[in-house]
Amino acid sequence: MLNVERISKTYNKQPIFTDVSFSIHPGEIIGLVGENGAGKSTLLHVLATLQMPTTGSIQLYDWYYQKHRKHVRRHIGFVPQDIAIWDNFTVRENMVFFEKLAWKNKSEKGLKELCLDMNLDRWHDKVHTLSGGMKRKLNLAISLIHDPALILLDEPTVGIDLKSKKEIATYLQKLARNQQKMVLYTSHDMDEIKALCSKVICIGEDPFYRNLLQHAGKKIVPLNNSFP
Ligand SMILES: Nc1ncnc2c1ncn2[C@@H]1O[C@H](COP(=O)(O)OP(=O)(O)OP(=O)(O)O)[C@@H](O)[C@H]1O
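Residues numbered from 1 in each chain as written. Predicted model: local features only at pLDDT ≥ 70, side-chain atom pairs only at ≥ 80, totals over all residues.

1. Some remarks on the overall build of the chain
Quick reminder of the rule: Under the DSSP-based scheme used, a helix requires at least four consecutive residues in state H or I and a strand at least two consecutive residues in state E, with every element numbered from the N terminus. Backbone-placed C-beta atoms define the burial measure: a residue is buried with 20 or more other C-beta atoms within 10 Å of its own, exposed with 12 or fewer, and partly exposed in between. Contacts here follow a simple rule: the backbone-placed C-beta atoms of the two residues must lie within 7 Å.
The helix and strand inventory of the chain stands at eight helices and 10 strands. Principal-axis analysis of the C-alpha atoms gives the chain an extent of 50 × 40 × 35 Å. Expressed as a percentage of the 228 residues in the chain, the buried residues total 35%. Contacts in the chain between residues at least 24 apart in sequence constitute 68% of all its contacts with a sequence separation of at least 6.

Here it is in structure tokens:
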């Protein structure tokens with residue numbers, strides 16, 4: 001379980017978010033929504049251990065981020081907003097390259113299966129010949145090589161077609177259900193959030209997303225006392 005307790009983040013004394021608390025249980029896919037600049041990416045960066053919270057504590061299973069940062073990292077898969085793969089390498093070469101950097105070894109057969117699970121079947125094709133959606137699928141496959149317990153996805157389906165979105169959603173649902181992964185997923189596509197996520201975190205002061213979700217009968221995770 002991921003337990004986030006009263007974390008805050010400031011940049012140059014400017015608060016980005018304050019007093020944020022929530023939990024993610026194994027098997028849960030939680031949505032993270034909010035207007036541009038609300039702090040979604042910043043929160044994901046903190047949860048990915050790329051930045052430290054200014055105050056508060058985060059615990060993944062028995063490990064505290066502050067104390068066991070290196071260990072915690074091994075159990076996190078992070079897909080950043082920008083696609084981060086090698087354009088002149090093939091799909092296979094990218095998977096093999098990132099496997100070498102991963103904490104766990106995986107056979108080439110296992111790597112290929114990860115791609116095929118998402119209907120990415122262009123194993124020997126160079127990345128620059130793939131569509132945007134295929135690149136996003138490869139980015140996601142790379143983040144899963146080391147079999148992470150917590151998967152953090154920052155707008156993983158932006159600019160991709162409905163079919164690929166559905167394939168990714170189905171894959172994530174299977175992953176969460178069958179392997180008890182914890183998933184935190186940001187998107188500006190509310191239909192996607194409503195279909196995929198069991199609960200939703202609304203970050204930022206603007207009540208727009210909260211109202212929209214309440215209307216749709218979605219469970220909203222209260223972040224602190226100011227948003228009961
Ligand atoms: N390294 C940084 N230094 C200073 N301020 C930053 C830094 N990174 C982000 N910010 C600021 O933090 C705020 C939150 O940014 P963030 O990228 O987390 O928002 P977001 O909710 O992900 O936005 P979007 O929906 O546009 O992706 C913004 O005001 C941004 O300018």
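2. Considering the sheet that holds strand β7 (residues 150-154)
As a reminder of what qualifies: Two strands are said to pair when DSSP picks up at least two bridges between them. In this analysis an axis means a line fitted to C-alpha atoms, helices contributing only their contacting stretch, and an angle means the value between N-to-C directions, from 0 to 180 degrees.
With respect to topology, six strands assemble into an open sheet ordered β6-β7-β8-β3-β9-β10, the strand pairing being parallel. Of all strands in the sheet, those bounded by a partner on one side alone are β6 (76-79) and β10 (219-221). If you compare each strand with its neighbour and ignore which way they point, the axes differ by 25 degrees on average. The pairing of β6 with β7 spans four bridges and is parallel. If you follow G77 over to β7, its bridge partner there is I151. Taken strand by strand, helix α5 (residues 132-143) contacts β6 and β7, and its axis lies near 165 degrees from that of β6.

3. Some details on the site of the ligand
Rules: Only the C-beta atom, placed from the backbone, is used; a residue is near a molecule or strand if that atom lies within 6 Å of it. Under the convention adopted here, Pro, Cys and the residues Ala, Val, Leu, Ile, Met, Phe, Trp and Tyr are nonpolar, Asp, Glu, Lys and Arg are charged, and Gly plus all remaining residues are polar.
Every residue near the ligand is listed here: Y11, I16, G34, N36, G37, A38, G39, K40, S41 and T42. Sort the elements by how many residues they give to the shell around the ligand and helix α1 (residues 40-47) lands first, with three residues. Considering only residue class, the shell around the ligand consists of three nonpolar, six polar and one charged.

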